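Understanding the architecture of this molecule
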Amino acid sequence: MEAQKAITSPVPISWYPTLAVLMLAVGLVITASFFIYEATSSRRSRSLAKELFTGAVASIFLGFGSLFLLLSCGVYV
Amino acid sequence: MPVRDTTEFSRTMLRFRFNLLVLAVALLSAPVLSDLVLTRVDRRVDLTSQIVRIASTLKIENTGKDSVSEVLLVFPERQAKNLAYLTAVSSAGKGKAKASAVNLPVENVNSEGMPPALVAYQVSLPEGGLGKGESFTFDVSAVFSHSLQPFPEKITQADTQLLVFEESAYFFSPYAVKVQSLTVKLPHPRVESYTKLENTKIQGSEIKYGPYEDLAPFSYSPIVVHFESNQPFVVARELVREIEVSHWGNVQVTENYNLVHGGSQIKGEFSRLDYQARPHIRGASAVRNLVAKLPPRAHSVYYRDAIGNISTSHLWGDSRKTELEIEPRYPMFGGWRTAFTIGYGLPLQDFLFESEGKRLLNISFGSPINEIIIDTLIVKVVLPEGSRDISVSAPFPVKQWQETKVSHLDVIGRPVIALEKSKVVPEHDQYFQVYYKFNSISMLREPMMLISGIFLLFVACIVYVHADLSISKSSASYLAKLQWEEVQSVIQQVNNLINRCLMVHDKLDASLRDLSRTGDVQACKAARKHADGLLKELSKELKPLLSILQTSPQAAQILPKVEELVVRERELQDKLMVKHTTVVDCYEKKVSGREIENRIASQQNKITALRQEVDDLLDFIDEL
């Protein structure tokens, strides 16, 4: 029984709300810049790589942000 | 007691006697077992709750020649069918040395030669067995569910509940018993009736039988105790406990109860008014509340049923436990039912451990509610998606199977290990272990699901913006739109070029400031040369764009503005060059700073005005 080690969550539970707010805020700012870019650039001057990159970064932040939001609300996935 | 009740009572007794007759016939065929003799048997029957607990201390002696390693405990089938829990503990040494108690293995044996009306359990003695002439003392604890019969079976709201308990005054055993005694502990001193044998005493709420001496094997002398008990008879027909493990830091327990009051059924009508006015007299047998003892640090506790939250519940806790007191929507009288759900979250680190490369969940099996009998208990352990090699270690035999559950953010569903046990009493509330293997990378499945979902949304937006959704590719408006888009993109490029020109202007200005600070004329000239080159290139790039605009009909409206912009920019450029040349010349001729200021003052004004004009034009074009 001595070999047993308690398993804890990878991130302390008390950080979840803060992490959720921070990551969602960053994610939403990047999302906003993505849509501003989509709306302001014309069809010819758009760069697909830039769009995909912004989208990917935004979705990483929004994904982790919403995960931590769910966890801090008590929906343990 | 009314007359009718008495006749009913004697009928019950008759039935009981008949059972005994069957038993006696069965006994005649029972073999005489071994040379063991019970030198002393003390039994204590606890009837203070709905669960019957019989604790016996047996002292056994081997009078034969051969060593014996097993002892049989025998129960009549009528009793055995309600036997929920049976353990034997050796009380090694006497009195204080009891701390070193050892659990003795007990197993059900259908010993050949045993009559079918008897059920035998075999207790294995510690290693070496019992040699000739040796004696050994051990404690047997037997717990029975549904062994107290309400009598009368139906009562009104105002009646108190009366129960009947049947037992043998003599220890029912395949061995001869030298000295024995029996104590029955009741919840109240109020006893309706009890069987009086020789050596029967009643002291307060305790009835003592014995001591009786030198009784033959299978001696049986029925006793019946009819007593008052208003203990709640809470029976869960079915309880489904779902334990869901999340590696993000929580063990969620959800318990679905299907309760019935298993005591005397209520007859006549129920008056809420009487009940509210004098709940202890008009409703003494009702179940008012239930207390659940949850593990410490339980959080997010809820109590609800099919129509929503039940608000009558109280929760308090300290470092050792959390207590939840819940009240059903109505007081439960005999035969009444209710169904509800309680749920709570537990911190992961209290229950999940890692050992030898495996993870193990160590959590209690039974219900947290006090003194409850569970007819069927199903415990489902929901492990995170990606768990494998699942195995269970339970302290008693259970039926088990596997299923899957699809929950939040799952792809293939979570593995569920289900355990089922019937006749569960609080003694079964022991820890069991579920072992499984899990790769921590699998924890990223849920965030990856979210990320890919959101990314798909972005991709959909990109596709929508890039896609050409018009149906007719040759219509005039469509072509005009295409041309307008081209014009827009050209104007965008013109704007960019002009902006780059303005940046070059700013650099020239900066070089002039550097000159006034350091006096390094050569560096300033080099900057001028570089700027000239850049501006030339930019104006070259600008030409084809302007010619495109001039040929495009869509650009007719915007063209004058763009041309004006280009002209103004050129003017601005020229003025700036003149100013630059003047200042550099002055520095070469060593003219004083004030003199330079005077000379370029008029130029500077024009430059500022032009710059303002260019900026305005840029803004105007940008807003198209």
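Residues numbered from 1 in each chain as written. Chains lettered and ligands numbered in written order. Predicted model: local features only at pLDDT ≥ 70, side-chain atom pairs only at ≥ 80, totals over all residues. Heavy atoms only, no water.

Convention followed: UniProt positions are given in the numbering used here, feature names are shortened, and annotations may be inferred rather than shown by experiment.
In the annotation of an unreviewed UniProt entry, the entry for chain B reads Dolichyl-diphosphooligosaccharide--protein glycosyltransferase subunit 1, and the organism field reads Rhodamnia argentea. Looking at chain B in UniProt, the text filed under Subunit (unreviewed entry) is "Component of the oligosaccharyltransferase (OST) complex." Reading the Pathway (unreviewed entry) entry of the UniProt record for chain B gives the comment "Protein modification; protein glycosylation."

Under an unreviewed UniProt entry, chain A has the name Dolichyl-diphosphooligosaccharide-protein glycosyltransferase subunit OST5 and belongs to Rhodamnia argentea. Per UniProt, chain A has the following entry under Subcellular location (unreviewed entry): "Membrane". Under Subunit (unreviewed entry), UniProt gives the following word-for-word description of chain A: "Component of the oligosaccharyltransferase (OST) complex."

Points about the sheet that holds strand β11 (residues 162–168) of chain B
Selection criterion: Any two strands with at least two DSSP bridges between them are considered paired. Starting at the N terminus, helices and strands are each numbered in turn, a helix being any DSSP run of H or I of at least four residues and a strand any DSSP run of E of at least two.
The strand order across the open sheet formed by 4 strands is β9-β11-β16-β13 (chain B), and the pairing between neighbours is antiparallel. A strand with exactly one partner marks an edge of an open sheet, and here the two such strands are β9 (149–150) and β13 (191–194) of chain B.

Considering the UniProt feature "transmembrane region" (unreviewed entry) in chain B
In the numbering used here, UniProt assigns the "transmembrane region" (unreviewed entry) feature to residues 448–467 of chain B. Regarding residues 448–467 of chain B, the helix share stands at 95% and the strand share at 0%, and the terminal C-alpha atoms are separated by 27 Å.

A short note on unusual backbone geometry
All names here are of chain B. Cis geometry is adopted by the peptide bond preceding Pro152, which originates at Phe151 and carries an omega value of 5°. Here Pro152 is to be found in the loop between β9 and β10 (154–155). Look at the link from Gly210 to Pro211: it is a cis peptide, with omega at 5°. You can see Pro211 is positioned in strand β15 (residues 206–215). Positive phi values are uncommon outside glycine, yet Ser300 reaches one of about 50°. Mapped onto the elements of the fold, Ser300 is located in strand β21 (residues 299–305). Backbone geometry at Glu371 places phi at a positive 45°, although glycine is not the residue there.

Observations regarding the pattern of salt bridges
Residues and elements named next belong to chain B. Put simply, the rule reads: Salt bridge, as applied in this entry: a Lys or Arg side-chain nitrogen positioned within 4 Å of an Asp or Glu carboxyl oxygen. Note on exposure labels: buried denotes an accessible area under 20% of the residue type's maximum, exposed denotes more than 50%, and partly exposed covers the range between, all computed with a 1.4 Å probe on protein chains only.
Evaluation of the coordinates by the stated rule reveals 31 salt bridges over all chains. Among the ionic pairs, Glu244 bridges to Arg414, the shortest N-O distance being 3.1 Å. With Glu244 in strand β17 (residues 234–246) and Arg414 in strand β31 (residues 414–424), the pair connects residues that are 170 residues apart, well separated along the chain. Each member of the pair, Glu244 as well as Arg414, is classed as buried. Among the salt bridges present, the one from Asp350 reaches Arg297, with a minimum N-O distance of 2.9 Å. Here Asp350, found in the loop between β25 (337–347) and β26 (352–355), pairs with Arg297, found in the loop between β20 (290–294) and β21; they are 53 residues apart in sequence, far enough to count as distant. With relative accessibility at 49%, the residue Arg297 sits in the partly exposed group. When salt bridges with common partners are traced through the structure, they connect Glu242, Glu244, Lys405, Asp410 and Arg414 into a single cluster.

So, the interface of chain B and chain A
Inclusion rule: Between two residues, a contact is recorded if the distance between any of their heavy atoms is within 4.5 Å. We define buried area as the total accessible area lost by two parts upon association, computed with a 1.4 Å probe and summed across both. Any pair of N or O atoms that falls within 3.5 Å is considered a polar contact. Within protein, one atom must be able to donate a hydrogen and the other to accept it, and sequence-neighbouring residues count only if both atoms are side-chain atoms. Nonpolar residues are Ala, Val, Leu, Ile, Met, Phe, Trp, Tyr, Cys and Pro. Charged residues are Asp, Glu, Lys and Arg, and all others, Gly as well, are polar.
At the junction of the two partners, chain B supplies 35 residues and chain A supplies 37 residues. Roughly 3400 Å² of surface becomes buried between chain B and chain A when both sides are summed, with 71% attributable to carbon and sulfur atoms. On inspection of chain B and its partner chain A, the count reaches 0 salt bridges. Applying the counting rule to chain B against chain A returns 5 residue pairs in polar contact (both at pLDDT 80 or more). Those elements giving two or more residues to the side of chain B that touches chain A turn out to be β26, β27 (358–364), α4 (445–466) and α5 (476–518) of chain B. The element that contributes the greatest number of residues to the side of chain B that touches chain A is α4(B), accounting for 12 residues. Its residues placed into classes, the side of chain B that touches chain A shows 19 nonpolar, 9 polar and 7 charged.

Considering the packing of α5(B) against helix α7 (residues 559–588) of chain B
Relative placement of two packed helices is described by the angle separating their axes and the distance separating the axes. All names here are of chain B. Rules: Axes, fitted as lines to C-alpha atoms, cover a helix only where it is in contact. Angles between the N-to-C directions of the axes lie from 0 to 180 degrees. Any angle from 65 to 115 degrees is called roughly perpendicular, while one under 35 is roughly parallel, one over 145 is roughly antiparallel, and all others are oblique. The sense of a crossing depends on the near helix, which, turned anticlockwise from the far helix by less than a right angle, makes the crossing left-handed and, turned clockwise, makes it right-handed.
Where α5 contacts α7, the axes come no closer than 11 Å and their chain directions differ by 15°. Overall, the two elements α5 and α7 adopt an arrangement that is roughly parallel. Taken as a pair, α5 and α7 cross one another with a handedness that is left-handed. Contact with α5, carried on its side by Val494, Asn495, Ile498, Cys501, Leu502, His505, Leu508, Asp509, Ser511, Leu512, Leu515 and Ser516, involves Val562, Leu565, Glu569, Leu572, Gln573, Leu576, Met577, Lys579, His580, Val583, Val584 and Tyr587 of α7 and no other residues of that element.

Here we look at helix α1 (residues 16–40) of chain A
Three- or four-residue spacings in an α-helix give side chains the same orientation, since the helix completes a turn every 3.6 residues. Short version of the rule: A helix's residues, less one, multiplied by 1.5 Å, set its expected span.
Between its terminal C-alpha atoms α1(A) stretches 36 Å, which fits the 36 Å expected from 25 residues at 1.5 Å a residue. Among all positions in α1(A), only A:Tyr16, A:Ala20, A:Met23, A:Gly27, A:Ile30, A:Thr31, A:Phe34, A:Tyr37 and A:Glu38 are buried. Where the residues of α1(A) are buried, they touch α2 (48–73) of chain A together with α4 of chain B.

Focus on the environment of A:Ala6
By the element assignment, A:Ala6 lies in strand β1 (residues 5–6). Residue class for A:Ala6 comes out partly exposed when judged on its relative accessible area of 37%. Setting aside residues no more than four positions away along its own chain, A:Ala6 makes contact with B:Gln349, B:Leu352 and B:Phe353.

Here we look at the sheet that holds β27(B)
Strand order across the open sheet formed by 5 strands is β1(A)-β26(B)-β27(B)-β32(B)-β29(B), with antiparallel pairing between neighbours. In this open sheet, the two edge strands, each paired with only one partner strand, are β1 of chain A together with β29 (388–393) of chain B. Direction of pairing for β27(B) relative to strand β32 (residues 431–437) of chain B: antiparallel, over a ladder of 6 bridges. Bridge pairing links B:Leu361 to B:Val434 in β32(B).

A look at the environment of B:Asn230
Residue and element names in this part refer to chain B. Note that Asn230 resides in the loop between β16 (222–228) and β17. When the C-alpha positions of Asn230 and Ala286 are compared, they lie 7.9 Å apart, and in sequence the two are 56 residues distant. Once you skip the residues sitting within four places of it in the chain, Asn230 turns out to touch Thr160, Gln161, Ala284 and Ser285. Looking at Asn230, its side chain comes within polar contact range of the main-chain nitrogen of Gln161, at 3.1 Å.

Side note on the pairing of strand β1 (residues 36–46) of chain B
Residue and element names in this part refer to chain B. Where burial is concerned, most of β1 is hidden: 8 out of the 11 residues are buried. Strand direction decides the pairing type here: β1 and strand β2 (residues 52–62), joined by 10 bridges, are antiparallel. If you follow Asp46 over to β2, its bridge partner there is Arg53. Between β1 and β2, which follow one another and run antiparallel, lie 5 residues. Taken together, the 9 bridges between β1 and strand β12 (residues 176–185) define a ladder with parallel strand orientation. Among the inter-strand pairings, Val37 is bridged to a residue of β12, identified as Ala176.

Points about the nonpolar core
Residues and elements named next belong to chain B. Test applied: Side-chain atoms within 4.5 Å are what join buried Ala, Val, Leu, Ile, Met, Phe, Trp, Tyr and Cys residues into a set we call a nonpolar core.
Ranked by size, the top nonpolar core spans 59 residues in total, and within it Trp248, Leu259, Phe340, Leu361, Phe432 and Val434 carry the most contacts. The greatest single-element share of this core, amounting to 5 residues, is contributed by β17. If we ignore the near neighbours within four places in the chain, the residues touching Phe340 are Glu255, Asn256, Tyr257, Leu259, Leu290, Tyr303, Arg304, Asp305, Ile310 and Ile326. Judged by nonpolar contacts, the second largest core, of 55 residues, contains Val45, Leu118, Leu163 and Ala169.

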